[in-house]
Every structure is written in structure tokens, then in C-alpha cells.
Amino acid sequence: MVPADWVKESTRVDSTGGSSINYQYQWWLPTQNGDFMARGILGQYIYVNPQKNLVIVRLGHKVGTNWSEEFVRLSDEY
């Protein structure tokens, strides 16, 4: 487990140091709505939407699917 304050800080959109608004502290930020995800090199994903108390874990590998967009779409339907 990691402290909640660290998660909040590490997933905050911040480009003041020249970093991308889509990537902070090894987290991908698919939107600017507070959701975040981790992405493995073999198609593993962990998508988290704290506002909806939603976590999606994907194991596997499929080329040609934009999983980031798919997770956001599923989150919107949740």
C-alpha cells in the first residue's frame, strides 16, 4: 500500500516542469478528470477512476485496440 496523499500528488495533471499532461510519475492520465492508469509492456493495464470507485484490470495482449479510450468509455457507462 502507498499513502493516499502520494497517489493524489502523483496522479495530478502538472506540466509546470515541462512534463506531458498525459504522464506523471509512471502513471498515464487518459483524461484530466482524475482517472489514471498503469500500462505494462505486454498488454497489462490497471485503470483507476477514483470518483466512481472503479478499478479495471486487464491482463493479456491484443494489438489494435486503444485500451485507454476503451476504459474511459466503460467508466462513462458505469
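Calculation notes
- Residues numbered from 1 in each chain as written.
- Predicted model: local features only at pLDDT ≥ 70, side-chain atom pairs only at ≥ 80, totals over all residues.
- Heavy atoms only, no water.
- Patch = residues over 30% accessible without salt bridge, like charges linked within 9 Å, V, L, I, M, F, W, Y side chains within 5 Å.
- Areas by Shrake-Rupley, 256 points an atom, 1.4 Å probe, with all protein chains shown as cover.
- Salt bridge = Lys/Arg side-chain N within 4 Å of Asp/Glu carboxyl O.
- Helix = DSSP H or I, 4+ residues; strand = E, 2+ residues; numbered from the N terminus.
- Buried < 20%, exposed > 50% of the residue type's maximum accessible area, 1.4 Å probe, protein only.

Engineer: Can you help me understand a nonpolar patch on the surface in this one?
Structural biologist: A cluster of nonpolar side chains, contributed by Ile46, Val55, Val57 and Leu59, occupies part of the molecular surface with about 400 Å² of accessible area. When you line up the elements, leucine 59 lands in the loop between strand S5 (54–58) and helix H2 (67–77). The class of leucine 59 is exposed, set by a relative accessible area of 69%.

Engineer: Even after reading the chapter, I still don't get the pattern of salt bridges, so can you show me in this structure?
Structural biologist: Opposite charge on two side chains permits pairing when their charged atoms draw close. A full pass over the atoms with the stated rule returns three salt bridges. Glutamate 9 is paired through a salt bridge with arginine 12; the nearest N and O atoms lie 2.8 Å apart. Among the residues examined, glutamate 9 registers a relative accessible area of 38% and is labelled partly exposed. Using a relative accessible area of 38% as the deciding quantity, one classes arginine 12 as partly exposed. With a closest N to O distance of 2.6 Å, arginine 73 and glutamate 77 form a salt bridge. Of this pair, arginine 73 and glutamate 77 both sit in helix H2, four residues apart, which is roughly one turn of that helix. We classify arginine 73 as partly exposed; its relative accessible area is 37%. What makes glutamate 77 exposed here is its relative accessible area of 56%. Overlapping salt bridges, with partners in common, bring together Glu70, Arg73 and Glu77 in one network.

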